[in-house]
Amino acid sequence: IGLPPGADVDRGGLEKAKAEGEISSYDVLPDRIAAYLWSSSSRRDFTFKFRPRFGLNAQTPASVVYDYYNEEARATVAPLRFTVK
């Protein structure tokens, strides 16, 4: 999940998703969140919050979901633009 530059991620939503079994684990990286989950036919929903540390006009990297063992099975969400004053 792409993040804008300088985002401080509130891990509370991610920890809740982990506790509820929506995700198995996660890593917060400088430009994205890597969420890991086991394959399932059911829908997975979770939310999280982040705060920008400073004003910006920037774009996130694309968000990608794929099967770890079959990277050809993937979907991509276009980058999002954030403007914070």
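On a predicted model such as this, the values are computed, not experimentally measured, just so you know. (Residues numbered from 1 in each chain as written. Predicted model: local features only at pLDDT ≥ 70, side-chain atom pairs only at ≥ 80, totals over all residues. Heavy atoms only, no water.)

Caption draft 1: Quick look at the environment of Pro-4. Within the secondary structure, Pro-4 sits in the segment before β1 (7-10). Between the alpha carbons of Pro-4 and Arg-81 there is a distance of 8.0 Å; along the sequence they are 77 residues apart. If we skip the residues at most four places from it in the chain, Pro-4 touches Phe-50, Thr-60 and Phe-82. (Helix = DSSP H or I, 4+ residues; strand = E, 2+ residues; numbered from the N terminus. Contact = heavy atoms within 4.5 Å.)

Caption draft 2: Spotlight on the packing of aromatic side chains. Per the counting criterion, the structure on display carries 2 aromatic pairs. Ring geometry for Phe-50 against Phe-82: centres 5.5 Å apart, planes inclined by 75 degrees, an arrangement best described as edge-to-face. With Phe-50 in strand β4 (residues 49-52) and Phe-82 in strand β8 (residues 81-84), this residue pair connects regions lying 32 residues apart in the sequence. Overall, the relative accessible area of 27% leaves Phe-50 in the partly exposed class. (Phe/Tyr/Trp six-rings, centres within 6.5 Å; stacked < 30°, edge-to-face > 60°. Buried < 20%, exposed > 50% of the residue type's maximum accessible area, 1.4 Å probe, protein only.)

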